[in-house]
Structure formats: structure tokens, C-alpha cells
Amino acid sequence: MQNLERLLNQSDHKPYPAYKALKGRYRFPFFTLSVDHVQGDPFAAPSALSLRIDAAHHGLPKEYYDTPHRRIMLQDLLLRTFYRELGKFSHKAGGSGKSGSLSVSACGQEVLERSALTIDPDKGIMTVRFYAGFPAAGRTTLAMELKRMLMEYVPEAARRSLLCSAIPKETVSARIVLADNQKAIRDQLSEQGLVAFVADGAILSRKSGVNDAPMKDAIPFESPAEDRVTLSLPGNRTITGLGIRRGITLIVGGGYHGKSTLLSAIERGIYNHIPGDGREYVITEDTAMKIRSEDGRSVKQLDISAFIRDLPSGKDTACFSTEDASGSTSQAANTVEAILSGSRTLLIDEDTTATNFMVRDSLMQSVIHPDQEPIIPFLSRMRTLYDDLGISTILVAGSSGAFFHVADRVLQMKEYKPLDVTEAAKKAAAEAQDGSRPGTQTGSASSLTPLSFRDSRIPLPNREITESRKVKVRGQGTDSVSLNHESVELRFVEQIVDHEQTNLLGLLLRQLEENYFNGKKPLTACVEELYLKLSSYGFSAIADRSGADDRPTPSNHFESADRSGSAGRSGVSGSPGFGQIPGNLAMIRRQELWAMVNRYRALKLSH
């Protein structure tokens, strides 16, 4: 701390590069401050800093973070509190450009594991990564302003938010109880044969399309008696709600009655939510994937023959490639890719699908013979997907009753309340003579080939990446990520909920290109090996880059990685120093990693 004060005094009113001398670690009374990256000028992205607090100093009981679900919930609570307290001091120090700014990751309604605040489950060491705009007048340092930031503001914000004594015990206890309850429900989904659970009393409606907070005066969810299940919670308590069972579930109803609202809550149920969100107890099995059409996307050597075959052009759909997919081919690709990524549940909203991919009515079949139609509609496959592969489907359908034939259950949303109308729907389907049965969708049921999903693609090295000294990764919100000049479109991967997940995806893509895509292993092995590394080592996995020097920045922009650099090492088991990991990353699932790789137009594959 005294060394830092001395260096600050020496660098006052000097050219801005004088701040570079501050890079290093400094011991304060209850934490260690690390200056990890110093910005080049006051208008550049703010400098990256981190705090490290030992268990003896933060005083949080080990039982608060000894299991992953509790640890992630606790990290989320502490980060939100630190965000609020640090924000009170932002821009109190003056200067040009970004001078005086203090920031850390802002959390949404979901509880995500983030690199901004992590706790080592074994040693209890807390690491907090944040950003500060080093003050200057023009390009002259204002080190005394920075001194106030680093030696007064940051310690005070940390004292108010990161120590056990600063957080009311009842607040922490409530979060731990919620995390335990959510974990208990997730564990029971498989045991009970469920793919999703929506608790009675849940608030599903959101304020607006751009505000994910719960809508005021929204109608609380109430499960239909026929589908109501009771699940156990810790402490001999129970909870009731809608249990969506494995198989094929249709959600039907008139417009504006809440069909898509229910599906949206289910698709977000792969994440836990904070208290007061209304969806705390909307829990979905964690491989569920939202599927939609995506005109114009890239498809690389993918076998989509389960859904599309015998194209007039003679193009091989068992090894299909296009730079401009149609609605039907894109949805076929999205479906196959989800299955290959391990998804056990497909979530589909009719409003965002390609109609000709989903179903063909009897009148169309009478005009266009099935033998002249290369598309095998999803309707003809969804029963087999479940019966043969165990892949469930939850489908919002508002315009076609053809799906009634194959559905296991049909839920009608009426004024935001679900009703089980399975019996009535099945009766209507049995009485209908509209040629909409699955077997008639492609001529005859026997004409359907058995479902087979395989991926034998082998990625080749990209010379632009492997021979480049600097590799730039840049994210644009949740919409896209780019590697050098190649942008990967992600805005239709709807379960990416935070731009920090996109940041992580970009870094993972860079690692795949640099260390895995070498023409020796199948794409499946490359992606799975990296994801296993991420699952095992957390965010440290992306800092271990064979001599690369990751310089973190607070926005969606990552500075170039200079391969002549050397990543610093410290700590145990060869893990990166606590400042080597960018502070703006959020964890993703295997499904999102696969979705990004499959949309990467610069992906080079062997033929």
C-alpha cells in the first residue's frame, strides 16, 4: 500500500504512460489490489484491476460456497452489492475522457457464473475483477485523483459489500435457501420424468420487450389439476406447479393469451433467477434448446437428410453446405445441431419457424405430390425423435391442429391460465379427415428412413489466425462475436441472455482456432475437449493460451492478443494469475458453444 502511494506521488502530472509503472500487486489491510492492465490514454477502455480477499478477511462461512449452486448464488449476490457500492464512487474523481470511472459487471435477472467475482471453493479466496478510468487532464496524469480512487473509494466500496459483516445474514440465508430449492427441483426433474417445472404463483410476464423485470399486476401462474405435480424441497417442504413430462407437449390457444410467454419462461428456465424475478421456480432441464428458422445463416457440411433430401439441384443433404440457408434448411440445421450438441428437449414457437418445415396440409399434398417435396416436415419426425432417441419437444402451435395426432399432452393457454385439453384435442384429431396424420406428410410412413445423426467433420487450421501475431476478438452485445474480420451471427441463438456470455464465446473460438483446429481431430472432439476444459477449470481455461497475453477490457472489445507475450503465472496447479482472466465473462452451456461454431463462416473443414 505504501509502495502504491509512493508510485502515485511520483507519477503525478507526468505524461500518461507514467501510469504504466503502477502495474503490479499491492497489499492492503484486508485485500490485495492488482493493477493488471493500464489503459494507453484517458479515452481508451478503462484499466483492468482486481481484488483478492482471503477467507480469513472476508469471513464468509464455508457452507455458503462449498457446493457449486450455493457458490454461484453467493457470488451473484456479492457482485450485485459491489456493483451498487462501487457505482456510488464512479466519476467522483475528475478528468478527461473516461477519467474517474469505476465499473464492474452488471447482472440481469438470471444468476450466471461470472468472472467478475469468483470464490475458490477449496481455499475460499475471493477474486473481484473491475475497471477504473485512470484520471488525466488531456494526456497529463492526475495521480492524486487516482490515489483517492484506489486508496479511498475502492477500499470503502469493498468494505461495504464484500465482507461477511457488510451483508445482512438474513439476505445471504434467503439466497442460500433459494439456491438449495432450485437445485432440489432440478435434481427431481429427471427422477419425475419431467423436462420442465413451472411453479404455482410464478409471474411469467415481463415489463416489456426490452425490460426483463416482472410485469406489475400480472396474473400469477396456476397449473391445471391434471398436470400438477408436487416436488420436495429441503426442510420437509414441498412446492406445486405444472410438470411438463418427457414426450411431446403442445401449447395452444388464441392470440395474446400467453402461449409464447409460457414458452419464453421455460426457455429461460435453464438458468436460475434472482429473488423477486417471478420465475425463481421455473426450472427447465439444462440441455433444452430453442429452435427456430434463421434465413441467411451459414451451414457447413452438415447431414440434414433426416429432414431434407432429394433436392432438385442434386445437392447432397447428407453433407450439406450453404452460405445463405433458407428458412427450412436453416431450421433443419438448427435442429440437427441441437441434437448433436446433446439437447434432450427442443423448444419451438410456431411464430418463428419455417411453416413448410413444420407441416404440410392435405390441400397442399393434393396439389404437390409428396414425392416432389424434398422436405420431411418436423411433424413426421417429432414422434420418432422421442420414441427412438428420447428427445422431447415443447411446441407452441396456434394455427395447425395437425400436431394433435402425435402430442402426448395439449395445454391451452386461456387468459394466461393453462388448461389441459388433451382429451378434447385427441378426440378432434381422431374425427378429422384432413389428411394431416404424420404418415401422409411424405407419402407413407414406410418411406421415412430411420433417424441418424452423426458428425464426422474435421476442422482445418485457418492460416489467417495461426500465422497472425495479433488476433482480435470483439463482441456486439448478444448479437454477434467476431474473430479478426470474421463475424459470427448469434442473435437468433435466443438462450444467450448476456453480452458477457458472447465475450466468453469469442475467446473460446479463438482458442479453438489457435489450439484445436489442426486437421487431426473431428470437430466433435475439438469442441468437447475445450468444453470439458472449461467445465473443469472454469474461466482459467481461457487464460491458458500457450504464451498469449490476454489483456482484458471492460466492454465487449478485447484487445489484440500479442503472441510474443507471456502470460504470468501464480497460485496453485499452474493456474493463471488472478489478474490474467478478463473480468467481463459469463458462463455458457455446451449448446451455445456448438451454436457459435456451427455459425462460424470461416470454419475450414476437410472434404
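The notes below deal with the structure included here. (Residues numbered from 1 in each chain as written. Predicted model: local features only at pLDDT ≥ 70, side-chain atom pairs only at ≥ 80, totals over all residues. Heavy atoms only, no water.)

### Some details on the overall build of the protein
- Helix and strand counts for the protein come out as 16 helices and 28 strands.
- Within the protein, buried positions represent 57% of all 607 residues.
- Accessible surface computed for the protein: about 24500 Å², of which carbon and sulfur atoms make up 49%. (Helix = DSSP H or I, 4+ residues; strand = E, 2+ residues; numbered from the N terminus. Buried < 20%, exposed > 50% of the residue type's maximum accessible area, 1.4 Å probe, protein only. Areas by Shrake-Rupley, 256 points an atom, 1.4 Å probe, with all protein chains shown as cover.)

### What about the environment of glutamate 415?
- Residue position: glutamate 415 is located in the loop between β23 (409-414) and β24 (417-420).
- It is 9.0 Å that separates the C-alpha atoms of glutamate 415 and glycine 254, two residues lying 161 residues apart in sequence.
- Residues in contact with glutamate 415, not counting those within four places in the same chain, are Ile219 and His257. (Contact = heavy atoms within 4.5 Å.)

### Let's talk about the packing of helix α3 (residues 68-87) against helix α5 (residues 169-191)
- Relative to each other, α3 and α5 sit at 140°, their axes nearing to 9 Å. The orientation of α3 relative to α5 falls into the category oblique. The interaxial crossing formed by α3 with α5 has right-handed handedness. Contacts between α3 and α5 involve His69, Arg70, Met73, Leu74, Asp76, Leu77 and Arg80 from the former and Thr171, Val172, Arg175, Ile176, Leu178, Ala179, Asp180, Gln182 and Lys183 from the latter. (Axes fitted to C-alpha atoms, helices over the stretch in contact; angles between N-to-C directions. Parallel < 35°, antiparallel > 145°, perpendicular 65-115°, else oblique. Left-handed = near helix turned anticlockwise from the far one by under 90°.)

### Let's talk about the sheet that holds β23
- Pairing is mixed in the open sheet, where six strands are placed in the order β18-β21-β22-β15-β23-β24. At either margin of the open sheet sits one strand with a lone partner, and together these are β18 (289-291) and β24. Going from strand to strand, the sheet's axes swing by 25° on average, the running direction of each strand aside.
- Sheet topology places strand β15 (residues 248-252) next to β23; four bridges connect them, and they run parallel. Bridge pairing in β23 links threonine 249 to arginine 409.
- The strands that helix α10 (residues 378-389) touches are β15, β21 (345-349) and β22 (392-396); relative to β22, the one it contacts most, it runs at about 145°. (Pairing = 2+ DSSP bridges.)

### Concerning the sheet that holds strand β13 (residues 228-233)
- Across the sheet, four strands lie side by side as β13-β14-β10-β17; this open sheet has antiparallel pairing. On the outer flanks of this sheet lie β13 and β17 (282-284), each paired with one strand and no other. Within this sheet the neighbouring strands show an average axis-to-axis angle of 35°, counted without direction.
- Pairing analysis gives five bridges linking strand β10 (residues 194-199) to strand β14 (residues 237-245), with the strands arranged antiparallel. Directly across from alanine 196, in β14, lies its bridge partner isoleucine 244.

### Considering the packing of aromatic side chains
- Going through the model one piece at a time under the given rule, you end up with 10 aromatic pairs.
- Seen from their ring centres, tyrosine 19 and phenylalanine 134 are 5.3 Å apart, and the 75° between their planes marks the pair as edge-to-face. Here tyrosine 19 is found in the loop between α1 (2-11) and β1 (24-27), whereas its partner phenylalanine 134 is found in the loop between β7 (126-132) and β8 (136-137), with 115 residues between them in sequence. The same class applies to tyrosine 19 and to phenylalanine 134, which are both buried.
- An angle of 85° between the planes, with centres 4.9 Å apart, marks the rings of phenylalanine 30 and phenylalanine 31 as edge-to-face. Here the two residues phenylalanine 30 and phenylalanine 31 agree in accessibility, since each one is buried.
- The rings of Phe307, Phe357, Phe378 and Phe453 are connected pair by pair, giving a single aromatic cluster. (Phe/Tyr/Trp six-rings, centres within 6.5 Å; stacked < 30°, edge-to-face > 60°.)

### So, helix α14 (residues 523-537)
- Helix length check: α14 (15 residues) gives 21 Å between terminal C-alpha atoms against 21 Å at 1.5 Å per residue, within 8%.
- When we look at burial in α14, the residues that qualify are Leu523, Cys526, Val527, Leu530, Tyr531, Lys533 and Leu534. The arc that holds every buried residue of α14, seen down its axis, measures 155°, which confines them to one face.
- Summarising the contacts, the buried residues of α14 are in contact with α13 (499-516), α15 (540-543) and α16 (590-598).
- Phi for glycine 538, located one or two positions after α14, is positive at around 65°. (Expected span 1.5 Å × (residues − 1). Arc of directions from axis to C-beta.)

### Digging into the pairing of β13
- Judged by which residues are buried, β13 turns out to be one-sided: Val229, Leu231 and Leu233 face inward and are buried, whereas Arg228, Thr230 and Ser232, on the alternate face, are not.
- With six bridges joining them, β13 and β14 adopt antiparallel strand pairing. The residue of β14 that forms the bridge with threonine 230 is threonine 240.

### Concerning the pattern of salt bridges
- The final tally for this structure, using the stated rule, is 38 salt bridges.
- Residues glutamate 267 and lysine 290 are paired through a salt bridge, measuring 3.2 Å at the closest nitrogen-oxygen approach. In this pair, glutamate 267 sits in helix α6 (residues 259-268) while lysine 290 sits in strand β18, placing the two residues 23 residues apart along the sequence. When sorted by exposure, glutamate 267 lands in the same class as lysine 290, which is buried.
- Within this structure, Arg84, Glu85, Lys88, Glu156, Arg159 and Arg160 form a network of salt bridges that share partners. (Salt bridge = Lys/Arg side-chain N within 4 Å of Asp/Glu carboxyl O.)

### Observations concerning the pairing of β24
- Examined bridge by bridge, β23 and β24 share four bridges and lie antiparallel to one another. Residue pairing in the sheet places leucine 411 in a bridge with aspartate 420 of β24.
- Hairpin remark: β23 followed by β24, antiparallel, with two residues in the connecting loop; positive phi at glutamate 415, about 50°.

### So, the packing of α1 against helix α4 (residues 143-161)
- Between α1 and α4, the least distance of the axes is 8 Å, while the angle of their chain directions is 160°. One finds that α1 runs roughly antiparallel with respect to α4. For the element pair α1 and α4, the recorded crossing hand is right-handed. Residues Leu4, Glu5, Leu8, Asn9 and Ser11 of α1 lie in contact with α4, whose contacting residues are Ala143, Met144, Leu146, Lys147, Leu150 and Met151.

### Considering the environment of phenylalanine 539
- Within the secondary structure, phenylalanine 539 is located in the loop between α14 and α15.
- Taking the relative accessible area as the measure of exposure, phenylalanine 539 reaches 6% and is therefore buried.
- For phenylalanine 539 and threonine 118, which are 421 residues apart along the polypeptide, the C-alpha to C-alpha distance reads 9.5 Å.
- Setting aside chain neighbours within four positions, we find phenylalanine 539 in contact with Glu113, Arg114, Ser115, Thr118, Leu504, Ile581, Leu585, Ala586 and Met587.

### Considering the side chain of glutamine 495
- Looking at the element boundaries, glutamine 495 is found in the loop between β27 (486-489) and α13.
- At a separation of 2.8 Å, a polar atom in the side chain of glutamine 495 contacts the main-chain amide nitrogen of lysine 290.
- If we ignore the near neighbours within four places in the chain, the residues touching glutamine 495 are Glu267, Ile270, Tyr271, Ala288, Met289, Lys290, Leu347, Gln501, Arg589 and Glu592. (Polar contact = N/O pair within 3.5 Å; in protein donor to acceptor, adjacent residues only side chain to side chain.)

### Overview of a nonpolar patch on the surface
- Together, Met364, Val367 and Ile368 give the surface a local cluster of nonpolar side chains, amounting to about 270 Å² of exposed area.
- Along the chain, valine 367 turns up in helix α9 (residues 362-367).
- Residue classification places valine 367 among the exposed positions, given a relative accessible area of 60%. (Patch = residues over 30% accessible without salt bridge, like charges linked within 9 Å, V, L, I, M, F, W, Y side chains within 5 Å.)

### With respect to α1
- Taken together, the buried positions of α1 are occupied by Leu4, Leu7, Leu8 and Ser11. For α1, the angular spread of the buried residues around the axis is 100°, confining them to a single face.
- Buried residues in α1 make contact with β1, β2 (32-37), β9 (140-141) and α4.
- Of the residues trailing α1, histidine 13 is marked for its positive phi of about 55°.

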